[in-house]
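Inside the fold
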Amino acid sequence: EEDLDYAADLAGTALAPHAAKDEEEEEDEDDDECDEIPEYFKKPEGQMGRARQSVSAEAYGTWNQKKAFTPPTHAKTDEQKDRLKNTLLKSFMFSNLEAKDMETIIMAMKEVPMTAGERVIKEGDDGDFLFVIETGSLECIKTVDGEEKVVKTCDPGDVFGE
């Protein structure tokens, strides 16, 4: 609940830049009088002394030049393009793409027919592909306590992989 109050306080402050000069000067003076860090600014005890783990960025320099991306293209018939587009439109990830972007995605895709019972990917394997299901369904299986359990069933329009 403190987080919600804090967010509301920030929004109120950010949305009021038109305050009179006297109010701004009074606020500046009030800001100078803060002696303690508010409790909601402090890290939990368990995080003290540890660096954040989720920050990453790619560096560019003479050894790593940024290059323009050229998407792969695979030849398709008009019928294949229509099928892929209709399937992609079922997925929230692709349903709002502009026509040009949709065309880029469709042309980069490669049709991979599967047979019943075939394992598409296995947990822990390197993932280089994003799969979109056109027809049929796939079961997502996880080994728990030595036993394989179905944790999700993917249907046409669903997306999985990396």
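Here's a quick rundown of the structure. None of the values given here were measured: they were computed from a predicted structure.

1. A look at the overall build of the chain
Each helix and strand counted, the chain has four helices and four strands in total. Order of helices (α) and strands (β) in the chain, N terminus to C terminus: α-α-α-α-β-β-β-β. Going through the 162 residues of the chain one by one, you find that 10% of them count as buried. Long-range contacts, defined as pairs at least 24 residues apart, comprise 49% of the intrachain contacts of the chain with a sequence gap of at least 6. Approximately 14,300 Å² of the chain is accessible, and the part contributed by carbon and sulfur atoms is 50%.

2. Section: the side chain of S91
Locating S91 in the fold gives a position in the loop between α3 (78-88) and α4 (99-108). The class of S91 is buried, set by a relative accessible area of 3%. If we ignore the near neighbours within four places in the chain, the residues touching S91 are G157 and V159.

3. A few points about a nonpolar patch on the surface
On the surface, F92, M93 and L130 cluster together to form a nonpolar patch covering roughly 350 Å² of accessible area. Here L130 lies in strand β1 (residues 130-132).

4. Focus on α4
Note that an α-helix has 3.6 residues per turn; residues three or four places apart therefore point the same way. Regarding α4, the residues found buried are M102, I106 and M107. The buried residues of α4 occupy an angular sector of 130 degrees when the element is viewed end-on, so they sit on one face. Here the buried face of α4 lies against α3.

Conventions used here
- Residues numbered from 1 in each chain as written.
- Predicted model: local features only at pLDDT ≥ 70, side-chain atom pairs only at ≥ 80, totals over all residues.
- Heavy atoms only, no water.
- Helix = DSSP H or I, 4+ residues; strand = E, 2+ residues; numbered from the N terminus.
- Buried < 20%, exposed > 50% of the residue type's maximum accessible area, 1.4 Å probe, protein only.
- Contact = heavy atoms within 4.5 Å.
- Areas by Shrake-Rupley, 256 points an atom, 1.4 Å probe, with all protein chains shown as cover.
- Patch = residues over 30% accessible without salt bridge, like charges linked within 9 Å, V, L, I, M, F, W, Y side chains within 5 Å.
- Salt bridge = Lys/Arg side-chain N within 4 Å of Asp/Glu carboxyl O.
- Arc of directions from axis to C-beta.

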